[in-house]
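Here is what each chain is made of, one letter per residue.
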Amino acid sequence: MGLLDTLLGRTKPVPPKLDSLFALPSAAITLQAATDFVPTGTGSVCFRAAEGKAFADIEKDVRDLLSMAGATKVAVSSDSYGFTWLICTHAADDVEGLVTDLHAVNSSLEGGGFGPQLLCTIVSFTDSKSRPLGLVYLYKRGTFYPFAPQSGERRDNALELQVRGVLATELRIEPELGRWFPVWGAPGL
Amino acid sequence: MARTRYATDKGLIARMGATMFLIGLVFTAFILVVVLLLTRYSTVSNGGIIFIAILLGGAMCFGSYYWSDRIALSTAGARLVTPEQAPELHGVIDRLCALADMPKPRVAIAPTDMPNAFATGRSSKVAVVCVTEGLLRRLNTSELEGVLAHEMSHVAHKDVAVMTIASFLGIIAALMVRFAFYSELFGGGGRGRGRGGANQNALPVILVIMLIGMIVYAISFLLIRMLSRYRELSADRSGALLTGQPSALASALVKVSGDIARIPTRDLRAAEPLNAFFFAPALTTRRGELNMSAIFSTHPSLEKRLKELDKISQQLSR
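Residues numbered from 1 in each chain as written. Chains lettered and ligands numbered in written order. Predicted model: local features only at pLDDT ≥ 70, side-chain atom pairs only at ≥ 80, totals over all residues.

**Digging into the overall build of chain B**
Part 1 of the argument: Check the secondary structure of chain B and you find eleven helices and four strands.
Part 2 of the argument: The buried share of chain B, reckoned over its 318 residues, is 43%. (Helix = DSSP H or I, 4+ residues; strand = E, 2+ residues; numbered from the N terminus. Buried ≥ 20, exposed ≤ 12 C-beta atoms within 10 Å, placed from the backbone.)

Take a look at the structure:
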């Protein structure tokens, strides 16, 4: 947003960056090689539902689209903040298929003019000790960050920084730690 | 190709731009007239008045701009809260920041029962968003989200800087009038009589400057209030488009305005100095009606705000 736009109060809603998601499959392989974490096959898209019929129609189209595509199980839930989660489940090793489906969701929303409503995408991982790890992709920044929740709304910061070190060359990790916001209660984690 | 549903309100932008231009124009004209008068009838004391007024006014404006976050927080009696102390509030703000690609401001809660919220701070690094306990009690999560989106839009639009610069003119004019009056009181008449012809012009010049100062102050006051109303509408719009839920914001407005009218006057008088920053103006009589006519108000009327939010709601339905 330029200075003139700021001063005149002309906020332009931030468009999402969709394509960086496709770096995930190779990042998952790197993560598996360097740590104990394997993908669970679950990924979700989080967006802020807008009011009105237009958004409801697009949401319905997206769900129909996903139900038609073979190996995907689709579930929808909303969280306590009013954000909607579209959860896709694939086979645990089919990260490419999962990412393709997630991208289909994003593109449909963006095609309907609701790109700015997209918040984030989470792809979940787990290790042999059943610790959850999510790779969160922020649409507006085009960056990733790891999120390792523990019981009692705490985060395993050491694990998150370790994962950052592992994936720093593969993915664009969010450089500002202040933007690694916690996604408590995210489905799949 | 993606359509955009977030068309700007060109009429509002035009009116806001025109108001800012007029404020700048009045400022420039005022300085030119004063400089002209001084060069024709110059005396050292008149030049001193102008210089001191600009210096003092500049220092006051800069101070209130630079420390706006500390001033506002201590005036409201607010305390900063950590995510552990207010998890839901922090969660809502986290998500809004991620949606708007904004750095996260500090979060504070003010211990008053009157429902209201404000955001201040000269830059994103020292920005702070404050809500009152009364607001947290009364609004549900999506209404709270709408209010916070409105406040964060103020930070994004650098409203603290814009309103401070705009009010700079009014402050200078007011100070000049006051200094001219005092200098007249203490020195002007005596000097004129003692020295004869050379200073005969000192008396009318100082009166003329006072008169111009008063007129300029009145005009700039009205223009600044108008600008403040446009900035509020702009923040309403940006906030509603950010969340995609204009009706939640409208419902929050109705709740907050209604409750403010019912609260006893003791609480309201405490909020008067902070009024311009607040989400809804805290001015009211005992009967619950606004006691100042619309042109003096820092915020647009409730009906106008609801009407604009309705328009956004219809836009989203198409």
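This is not the end of the story, as more comes after the structure.
**Side note on the overall build of chain A**
Part 1 of the argument: Helix and strand counts for chain A come out as five helices and eight strands.
Part 2 of the argument: Reading chain A from its N end, one meets helices and strands in the order α-α-β-α-β-β-α-β-β-β-β-β-α.
Part 3 of the argument: Against the globule reference of 16 Å for 189 residues, chain A gives a C-alpha radius of gyration of 17 Å, in line with a compact fold.
Part 4 of the argument: Looking at chain A as a whole, 42% of its 189 residues qualify as buried.
Part 5 of the argument: The contacts of chain A with a sequence gap of at least 6 include a subset with a gap of at least 24, amounting to 66%. (Rg over C-alpha atoms; globule rule 2.2 N^0.38 Å. Contact = placed C-beta atoms within 7 Å.)

**Describing helix 4 (residues 87-100) of chain B**
Residue and element names in this part refer to chain B.
Part 1 of the argument: In this model helix 4 runs 20 Å from its N-terminal to its C-terminal C-alpha over 14 residues, within 8% of the 20 Å that 1.5 Å per residue would give.
Part 2 of the argument: Of all 14 residues in helix 4, eleven are buried; the element is thus mostly enclosed.
Part 3 of the argument: Within helix 4, burial applies to L89, G91, V92, I93, D94, R95, L96, C97, A98, L99 and A100.
Part 4 of the argument: One or two residues past the end of helix 4 sits D101, with phi positive at roughly 55 degrees. (Expected span 1.5 Å × (residues − 1).)

**A few points about the environment of B:G239**
Residues and elements named next belong to chain B.
Part 1 of the argument: Structurally, the position occupied by G239 is in helix 8 (residues 202-243).
Part 2 of the argument: With 93 residues separating them in the primary sequence, G239 and G146 have C-alpha atoms 6.3 Å apart.
Part 3 of the argument: When neighbours within four sequence positions are excluded, G239 is seen to be in contact with G146, A149, H150, S153 and L249.

**Quick word on unusual backbone geometry**
Part 1 of the argument: With a phi angle near 60 degrees, A:S130 is a residue other than glycine that sits in the positive phi range.
Part 2 of the argument: One non-glycine residue, A:E153, lies in positive phi territory at about 55 degrees.

**A few points about the interface of chain B and chain A**
Part 1 of the argument: Between chain B and chain A, the residue contacts involve 40 residues of the former and 33 residues of the latter.
Part 2 of the argument: Sorting the residues of the side of chain B that touches chain A by element identifies helix 1 (10-40), helix 4, helix 6 (141-156), helix 8 and helix 11 (302-317) of chain B as the ones contributing at least two each.
Part 3 of the argument: No other element matches helix 4 of chain B, which puts seven residues into the side of chain B that touches chain A.
Part 4 of the argument: Across the side of chain B that touches chain A, the residue classes tally to 14 nonpolar, 16 polar and ten charged. (Nonpolar A, V, L, I, M, F, W, Y, C, P; charged D, E, K, R; others polar.)

**A look at the sheet that holds strand 1 (residues 79-80) of chain B**
For sheets, the rule is that strands pair by backbone hydrogen bonds, running either parallel or antiparallel.
Residue and element names in this part refer to chain B.
Part 1 of the argument: Strands sit in the order 1-2-4-3 across an open sheet of four strands; the sheet is mixed. The sheet is open, and its two edges are formed by strand 1 and strand 3 (117-120), each paired on a single side.
Part 2 of the argument: Relative to strand 3, helix 6 is tilted by about 25 degrees, and along the sheet it contacts strand 3 and strand 4 (128-132). (Pairing = 2+ DSSP bridges. Axes fitted to C-alpha atoms, helices over the stretch in contact; angles between N-to-C directions.)

**Brief notes about the pairing of strand 3 (residues 83-89) of chain A**
Residues and elements named next belong to chain A.
Part 1 of the argument: Taken across its seven residues, strand 3 has five buried, putting it largely inside the fold.
Part 2 of the argument: As paired strands, strand 1 (residues 38-48) and strand 3 are joined by seven bridges and run antiparallel to one another. The residue of strand 3 that forms the bridge with G43 is C88.
Part 3 of the argument: Sheet topology places strand 2 (residues 73-78) next to strand 3; six bridges connect them, and they run antiparallel. Each bridged residue has a counterpart across the sheet, and for S78 the counterpart in strand 3 is T84.

**Remarks on the nonpolar core**
Part 1 of the argument: Counting residues in each nonpolar core, the largest one holds 96 residues, and the members touching the most others are A:L119, A:C120, A:V136, B:L96, B:C130, B:L148 and B:M152.
Part 2 of the argument: Sort the elements by how many residues they give to this core and helix 4 of chain B lands first, with eight residues.
Part 3 of the argument: Once you skip the residues sitting within four places of it in the chain, B:M152 turns out to touch B:L96, B:A100, B:M102, B:A119 and B:V129.
Part 4 of the argument: Judged by nonpolar contacts, the second largest core, of 31 residues, contains B:I50, B:A166, B:L175 and B:L227. (Core = buried A, V, L, I, M, F, W, Y, C linked by C-beta atoms within 7 Å.)

**Focus on the environment of A:L86**
Residues and elements named next belong to chain A.
Part 1 of the argument: Looking at where L86 falls in the secondary structure, it is placed in strand 3.
Part 2 of the argument: Separated by 45 residues in sequence, L86 and R131 have C-alpha atoms that sit 23 Å apart.
Part 3 of the argument: Apart from residues no more than four positions distant in its own chain, L86 is found in contact with S44, V45, V62, V74, V76 and V105.

**Section: the packing of helix 4 of chain B against helix 6 of chain B**
Residues and elements named next belong to chain B.
Part 1 of the argument: For the pair helix 4 and helix 6, interaxial distance at closest approach is 10 Å and the crossing angle is 50 degrees. Here helix 4 lies oblique to helix 6, going by the angle between them. Between helix 4 and helix 6 lies a crossing whose hand is right-handed. For the pair formed by helix 4 and helix 6, the contact residues are V92, I93, L96 and A100 on the first element and T141, L144, E145, L148, A149, M152 and A156 on the second.
Part 2 of the argument: The class makeup of the residues in the contact of helix 4 with helix 6 is nine nonpolar, one polar and one charged. (Parallel < 35°, antiparallel > 145°, perpendicular 65-115°, else oblique. Left-handed = near helix turned anticlockwise from the far one by under 90°.)

**Topic: the pairing of strand 4 of chain B**
On a regular strand, one side chain projects to one face of the sheet and the next to the other, so that they alternate.
All names here are of chain B.
Part 1 of the argument: Counting buried positions along strand 4 gives five out of five residues, so the element sits mostly inside the fold.
Part 2 of the argument: The two faces of strand 4 match: V128, C130 and T132 on one face and V129 and V131 on the other face are all buried.
Part 3 of the argument: Looking at chain direction, strand 2 (residues 106-110) and strand 4 are connected through five bridges and run parallel. Note that in strand 4 the partner of A110 across the bridge is T132.

**Side note on helix 3 (residues 68-76) of chain B**
Residue and element names in this part refer to chain B.
Part 1 of the argument: Within helix 3, the full set of buried residues consists of S68, D69, A72, L73 and A76. Projected down its long axis, helix 3 shows its buried positions confined to an angular sector of 120 degrees, all on one face.
Part 2 of the argument: Directly beyond the C-terminal end of helix 3, a positive phi value near 70 degrees is found at G77. (Arc of directions from axis to C-beta.)

**Notes on the sheet that holds strand 4 (residues 118-126) of chain A**
Residue and element names in this part refer to chain A.
Part 1 of the argument: Ordered by their spatial adjacency, six strands build an open sheet running 2-3-1-4-5-6, and the pairing between neighbours is antiparallel. Two strands close off the open sheet at either side, each with one partner strand: strand 2 and strand 6 (143-147). Across the sheet, the axes of successive neighbouring strands diverge by a mean angle of 20 degrees, strand direction being ignored.
Part 2 of the argument: Together, strand 1, strand 3 and strand 4 form the strand contacts of helix 4 (residues 95-111), whose direction differs from that of strand 1 by roughly 5 degrees.

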